[in-house]
Amino acid sequence: MKRGFVKTPRDIARELARRYSTMTHEELDMLEEILVPLKYNKGEMILREGEVCRSIYFIDKGLIRQFYYKNGKEVTEHLGDDHTIFMCIESLFREEPTHLQVESLEQTFVYAMPKDKLEVVALHSVNIQMMYRKILEESLIISQKHADLMRFETAQDRYMKMCKLYPQVILRAPLVYIANYLQMTPETLSRVRSAAYHSETT
C-alpha cells in the first residue's frame, strides 16, 4: 500500500460495492484492478481548466473543491470530503477540455477509476454497470440539490441545509469557499453563522 493511504485498493472496491452494488469476489478483483491511488498535497491542482477529465474519483481521505472562473472571479461549484465521489461530468463524457478546476484543500488521497477501463469491466459485469450508473445518478442529484438550494432557499436556510448535508465540509473548508459555494459574501456568511449559533443556544 502506498505510504499515507488509509485503505488498500481492495478496501475501496469493497466500499464502492457496499455503497452502490453487491459484487462477487471476481467482480471485486476486476474493480480493484482498475483503481489508481493518487496523493495530492494541500493546494495542489487535481485538474486544471483546459485538461480533459478521464476518471471518476473517490476520495479516501481529504477535501477538494471544484470551481470555475466567471467574469474573472472564482465560483465554487462543489466541495467534497472523505468517502465521496467527484468528476467533471461534461468533460468526462464528451472527452473535451473542462472549464472546471479541482483543487486539494487538504492533503488528499483519492482513487481514480479511469472511464475507459471502467467501461470495459462494466461490459463483463452487471453489478459494476449498476455501480457506474448509481455513481452518475448520485452526481446528478448532488448538482440538482445545489441548484435548488441556490434558487429556492434563503441565505440562512442554505447554510443550515449545508450543515446538515455536509457537516465535515462546514468544519474543515475555509469559510471563503463555503461562502462562495453558497453564493453569499463572507460577511453575509458570518452574520448567518452568528444567527444560527444564537438560535441554537437560546
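A. Seen up close, the sheet that holds strand S1 (residues 36–40). In space, the four strands of this open sheet follow the order S1-S8-S3-S6, with antiparallel pairing throughout. Strand pairing shows two members of the sheet lacking a second neighbour, S1 and strand S6 (85–86), which therefore form its edges. Sheet topology places strand S3 (residues 55–61) next to strand S8 (residues 108–114); six bridges connect them, and they run antiparallel. Pairing of Ile-59 across the sheet is with Val-110, part of S8. Docked against the sheet, helix H1 (residues 9–20) engages S3, S6 and S8, running at close to 105° with respect to S3.

B. Looking closely at the packing of helix H2 (residues 25–34) against helix H5 (residues 126–152). For the pair H2 and H5, the least separation of the axes is 9 Å and the interaxial angle reads 50°. Of the possible angle classes, the one that applies to H2 and H5 is oblique. Contacts between H2 and H5 involve Glu-27, Met-30 and Leu-31 from the former and Val-126, Asn-127, Ile-128 and Met-131 from the latter. A per-class count over the contact of H2 with H5 returns five nonpolar, one polar and one charged.

C. Highlighting the nonpolar core. Leu-16, Leu-31, Ile-56, Ile-85, Met-113 and Met-131 are the most contacted members of the largest nonpolar core, which has 40 residues in total. Within the residue set of this core, elements represented by two or more residues are H1, H2, strand S2 (45–47), S3, S6, S8, helix H4 (115–123) and H5. Filtering out sequence-adjacent residues up to four positions away, Met-131 remains in contact with Leu-16, Tyr-20, Ser-21, Met-23, Leu-31, Met-113 and Leu-118. Counting residues in each nonpolar core, the second largest holds 20 residues, with Tyr-159, Ile-178, Tyr-181 and Leu-182 among its members.

The rules behind each value
- Numbering of residues starts from 1 in each chain and follows the order in which that chain's sequence is written.
- Per-residue local features of the predicted model are confined to residues with pLDDT of at least 70, and side-chain atom pairs are confined, for both listing and counting, to 80 or more; whole-chain, interface and lining totals are unaffected and use all residues.
- Each side-chain value is derived from all of the structure's non-hydrogen atoms; neither hydrogens nor water enter the calculation.
- Only strands joined by at least two bridges in the DSSP assignment are considered to pair.
- A run of H or I in DSSP counts as a helix once it spans at least four residues, and a run of E counts as a strand once it spans at least two, with each numbered from the N terminus.
- Two residues qualify as a contact provided that any one of their heavy atoms is within 4.5 Å of a heavy atom in the partner residue.
- To get an axis, fit a line to the C-alpha atoms, keeping to the stretch in contact for a helix; angles then go from 0 to 180 degrees between the N-to-C directions.
- Roughly parallel refers to an angle under 35 degrees, roughly antiparallel to one over 145, roughly perpendicular to one between 65 and 115, and oblique to any angle outside these ranges.
- Three residue categories are used. Nonpolar comprises Ala, Val, Leu, Ile, Met, Phe, Trp, Tyr, Cys and Pro, charged comprises Asp, Glu, Lys and Arg, and polar comprises the others, including Gly.
- Definition used in this section: a nonpolar core is a set of buried Ala, Val, Leu, Ile, Met, Phe, Trp, Tyr and Cys residues joined via side-chain atoms within 4.5 Å.
- Partly exposed residues are those whose accessible area sits between 20% and 50% of the maximum for their type, while under 20% is buried and over 50% is exposed, using a 1.4 Å probe and protein chains only.

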